[in-house]
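Residues per chain are reported as follows:
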Amino acid sequence: MVSKKKIKVLTKRVSVFYGDKQAIKDVNLEIYENQVTSLIGPSGCGKSTFLRCINRMNDTIDICRITGKVLIDNDDIYKATLDPVLLRARVGMVFQKPNPFPKSIFDNVAYGPQIHGLTNSKEELEDLVVNSLQKAGLFNEVKDRMNESGTSLSGGQQQRLCIARAIAVSPEIILMDEPCSALDPIATAVIEELIDELMQNYTIVIVTHSMQQAARVSQQTAYFHMGNLIEFGETSKIFQNPKNKQTQDYITGRIG
Amino acid sequence: MGLGSFCVLIILIATFITWYGNNKALRVNHALGKDLKLPSLPKYYSFYAILWLIIPSIILILTWYIAKPLILDVLVLSFISEDTIKNFSGDPSMLVDRVKSINIERPFPGTDTNLIEAAVYLKKTLERVQTFTFLSILSLGCFLSFIAIKKINPAFRARQIVEKYNVAILLVCSVVAIVTTIGIVFSLIFEALRFFDKIPLFDFLFGLSWSPQMAIREDQVASQGSFGAIPIFAGTLLITIIAMTVAIPVGLTSAIFLSQYSSPMTRSIIKPLLEILAGVPTVVYGFFAAITVGPFLKGLGDVFSLNIASESALAAGSVMGIMIIPFISSLSDDVISAVPQSLKDGSYAMGATKSETVKKVILPAALPGIVGAILLAISRAVGETMIVVMAAGIAANLTANPLEAVTTVTVQIVTLLIGDQEFDSAKTLAAFALGITLFVVTLMLNLFALRIVHKYREKYE
């Protein structure tokens, strides 16, 4: 699968500032279509900040400022004519802590399609919700209690509900910000399997603290340190044969 | 010795005991040598000793103040000569009251000299007995705390006991408020029961006419009063509804603006200004309603050839609504700000706009808190008096027309109790009946509000 590499997201000299503090320094990165790219690095290295540049979630933080270019399908997502609302329908996001809305399971998944007006009838909406829950591997567990609150599910189920919610608007890219850090190993394994399946239809970028997870789920790995992109390449190469000393230190557990 | 000097003395003694107990514990520790130590820190031993000083003292002092009047009566009666009691036409207890009310320095001319002597005796003995009581209480406290200090030894765990007493003290303090509430209820209930002896409960709750004028003397020409409270309840309801119609939309939208849209700069200006509104005395709102809003509405009505009374439910209700705005806005602001950022992020990440997020995620998540805020505001509005007195009048009209004068429960209570009243006429007692109705209603509202707030509080997790 490595042979057909189409670039989905391209960043050119991206820098991010929080007030005076520079969190990301001139990052150039390519993210390939239908692959999983993992961003690893010690805490505070800027990998989450970088992730949030791809769907412009940093816009919601007042003091945050971005320079450089982020291109999705060769289109600059920071140009003035681009509506971040539409962008975020194309680039879904799953967060560190499962954050289902305090609504029913059905309404959680139906949220995106409703605000974007994706369906024309109630039946269509129901089909879409069922479909998304199936894709997220949650449908069989919740089909009898679609009207219960999303917050009544277990942590792993909540996270899959959030994934279902994200894929309900058929995004092209799914960003995952440490999606398993609040979950136990079994729930984590379920999510990782799910990521493997989702990869066929979506481009996935995942931030993770677990190097084993990065090695298991991703084809490409980027190592960040202090806001710099230190090394980027195929996951197998990064883990077996890192070119950079810092990357090696981090991967072998000497730092971080 | 008065209570003031007693308090000063007890503080001095407590300081000394702290020092002494600490020292004693340190000495014991020292004597025990390296391997063995007291199980608690020295301060716990001295604290334990202080508890033995203070708790019995407080209990005994309270007992003294409760027992004092009883002791006084006996003392006075025993001092007054048999003859004076025999000559007195009323009950001896009235004589005691008369003695107590005598001003010794300047007795009312013509007062019985026996009684003046009794008063002088009373004052002196009282002072002596009180000083004696206080000193004995103090010495008992000292004795107990010194025993406590004596008890310092490695087998005695002071910390555990002090912690237990801590809990007990906290409990007692929190019970004070509850006991007070119960006392208030009882003070209302007894008077209200007397009222319901005269007027049947059914007539009061469902009667359609309110005119509480009673003939004071048998021969007086006056209507037999009627005590149907429905017009008053209806007036209260009408004014509350008007107030809420003003306060809920304005308060809620300003809360949404302040918590979600405003820049920190704007927020830092608007929020304190809104809170100033909450600090305006209700009498001042009353002026505003009576002098500005009422006539303005009347003038406005004239333009559309509507007849608006210069004292109208609309004027009072709308000004009351303005008064309640900061109440709703700051409570809702708190609950809206408490909606976790992760929920908002989740919504934005789905491509929702700010207003969609507010409408579909933030408000539903904060709804229980907002409902709680509104219910608390309603109970505030129901209990508000001044604005209504000044702007809505006191005529108990049964009407749903906001342009007419109406009256509320609190206003009626005020008018019933103003001036000289005899406390056994139905007119005066009606105030208590109204009071307890009001109390029950606001209590229910508050309980309901708290229940809602509690039930949904942990829903975000």
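Residues numbered from 1 in each chain as written. Chains lettered and ligands numbered in written order. Predicted model: local features only at pLDDT ≥ 70, side-chain atom pairs only at ≥ 80, totals over all residues. Heavy atoms only, no water.

## Observations concerning the overall build of chain A
A count of helical and extended segments in chain A gives 10 helices and 10 strands. What you see for chain A is a C-alpha radius of gyration of 18 Å, in line with the 18 Å of a compact globule of 256 residues. Seen through its C-alpha atoms, chain A measures out along the principal axes to roughly 55 × 45 × 35 Å. Looking at chain A residue by residue over its 256 residues, the buried ones come to 54%. Within chain A, counting contacts between residues at least 6 apart in sequence, those at least 24 apart form 67% of the total. (Helix = DSSP H or I, 4+ residues; strand = E, 2+ residues; numbered from the N terminus. Rg over C-alpha atoms; globule rule 2.2 N^0.38 Å. Buried < 20%, exposed > 50% of the residue type's maximum accessible area, 1.4 Å probe, protein only. Contact = heavy atoms within 4.5 Å.)

## Some points on the sheet that holds strand 10 (residues 228–234) of chain A
The pairing of strands in a sheet happens through backbone hydrogen bonds and is either parallel or antiparallel. Residues and elements named next belong to chain A. Spatial strand order, 6-7-8-3-9-10: 6 strands in an open sheet with mixed pairing. Single-partner strands in this sheet number two, and they are strand 6 (91–94) and strand 10. Along the sheet, successive strands turn relative to each other by an average axial angle of 15°, direction set aside. Strand direction decides the pairing type here: strand 3 (residues 36–40) and strand 9 (residues 220–225), joined by 4 bridges, are parallel. Considered in strand 9, the bridge of Leu39 is made with Ala222. Along the sheet, helix 6 (residues 155–167) contacts strand 6 and strand 7 (173–177); its crossing angle with strand 6, the most-contacted strand, is approximately 170°. (Pairing = 2+ DSSP bridges. Axes fitted to C-alpha atoms, helices over the stretch in contact; angles between N-to-C directions.)

## Overview of the domain arrangement of chain B
For chain B, the assigned domains are domain 1 (3–156) and domain 2 (226–460). Computed from C-alpha coordinates alone, the two centres of domain 1 of chain B and domain 2 of chain B are separated by 49 Å. (Domains from an automatic or database assignment.)

## Brief notes about a nonpolar patch on the surface
All names here are of chain B. Taken together, the side chains of Leu171, Val175, Ile178, Val179, Ile182, Phe186, Phe190 and Leu193 make up a nonpolar region of the molecular surface, amounting to roughly 750 Å² of accessible area. Mapped onto the elements, Phe190 comes out in helix 6 (residues 158–198). Take Phe190: its relative accessible area is 51%, and that puts it in the exposed class. (Patch = residues over 30% accessible without salt bridge, like charges linked within 9 Å, V, L, I, M, F, W, Y side chains within 5 Å. Areas by Shrake-Rupley, 256 points an atom, 1.4 Å probe, with all protein chains shown as cover. Salt bridge = Lys/Arg side-chain N within 4 Å of Asp/Glu carboxyl O.)

## Topic: the nonpolar core
If you look at soluble globular proteins, the nonpolar side chains tend to sit buried side by side. Of all hydrophobic cores here, the largest spans 77 residues; its most connected members are Phe195, Trp210, Ile239, Met320, Ile324, Ile387 and Leu434 of chain B. Non-local contacts of Ile239 of chain B, meaning those with residues more than four positions away in its chain, are made with Ala313, Ala316, Gly317, Met320, Val388, Ala392, Val406 and Thr408 of chain B. Core analysis: the second largest hydrophobic core is formed by 35 residues, Val36, Ile105, Ala168 and Tyr202 of chain A among them. (Core = buried A, V, L, I, M, F, W, Y, C linked by side-chain atoms within 4.5 Å.)

## Concerning empty space enclosed by the protein
All names here are of chain B. Counted under the stated rule, the structure contains 2 cavities of 30 Å³ or more. Approximately 40 Å³ is the volume found for the largest cavity. Looking at the largest cavity, the residues that line it are Leu258, Lys271, Leu274, Glu275, Pro326, Ser329, Ser330 and Asp333. Looking at the lining of the largest cavity, its residues break down into 3 nonpolar, 2 polar and 3 charged. Taken as a whole, the second largest cavity encloses approximately 40 Å³ of empty space. Trp64, Lys68, Ile71, Leu72, Leu75, Thr125, Leu126 and Val129 together form the lining of the second largest cavity. Only helix 2 (42–79) and helix 5 (113–150) provide two or more residues apiece to the lining of the second largest cavity. When residues of the lining of the second largest cavity are assigned to their parent elements, the largest contribution, 5 residues, is made by helix 2. Residues of the lining of the second largest cavity, tallied by class, amount to 6 nonpolar, 1 polar and 1 charged. (1 Å grid on protein atoms, 1.4 Å probe; cavity = no way out; pocket = protein on both sides within 12 Å on 5 of 7 lines; lining within 4 Å. Points joined across faces, edges and corners; volume = space filled by probe spheres on them. Nonpolar A, V, L, I, M, F, W, Y, C, P; charged D, E, K, R; others polar.)

## Notes on the sheet that holds strand 4 (residues 64–72) of chain A
As summarised here, the arrangement of the 4 strands in space is 2-1-4-5 (chain A), forming an open sheet in which the pairing is antiparallel. The sheet is open, and its two edges are formed by strand 2 (21–32) and strand 5 (75–76) of chain A, each paired on a single side.

## Considering the interface of chain A and chain B
Facing 24 residues of chain A, the contacting portion of chain B comprises 20 residues. Considering only the side of chain A, the residues that lose the most area to chain B are Pro102, Tyr111 and Ile115 of chain A, jointly responsible for 28% of the buried surface there. Taken together, chain A and chain B are joined by 1 salt bridge. Here Arg52 of chain A makes a salt bridge to Asp345 of chain B, at a shortest N to O gap of 3.9 Å. Across the contact surface, chain A and chain B share 4 residue pairs in polar contact (both at pLDDT 80 or more). When residues of the side of chain A that touches chain B are traced back to their parent elements, those giving at least two are helix 2 (84–90), strand 6, helix 3 (105–116) and helix 6 of chain A. Split into classes, the residues belonging to the side of chain A that touches chain B amount to 12 nonpolar, 7 polar and 5 charged. (Buried area = accessible area lost by both parts, 1.4 Å probe. Polar contact = N/O pair within 3.5 Å; in protein donor to acceptor, adjacent residues only side chain to side chain.)

## A word on the packing of helix 2 of chain B against helix 4 (residues 92–100) of chain B
When two helices pack together, their arrangement is captured by the angle between the axes and the distance separating the axes. Residue and element names in this part refer to chain B. It is the contact of helix 2 with helix 4, at a shortest axis distance of 10 Å, that shows an interaxial angle of 95°. Between helix 2 and helix 4, the interaxial angle falls into the category roughly perpendicular. Contact residues: Leu72, Asp73, Val76 and Leu77 in helix 2; Pro92, Val96, Val99 and Lys100 in helix 4. Across the contact of helix 2 with helix 4, the residue classes break down as 6 nonpolar, no polar and 2 charged. (Parallel < 35°, antiparallel > 145°, perpendicular 65-115°, else oblique.)

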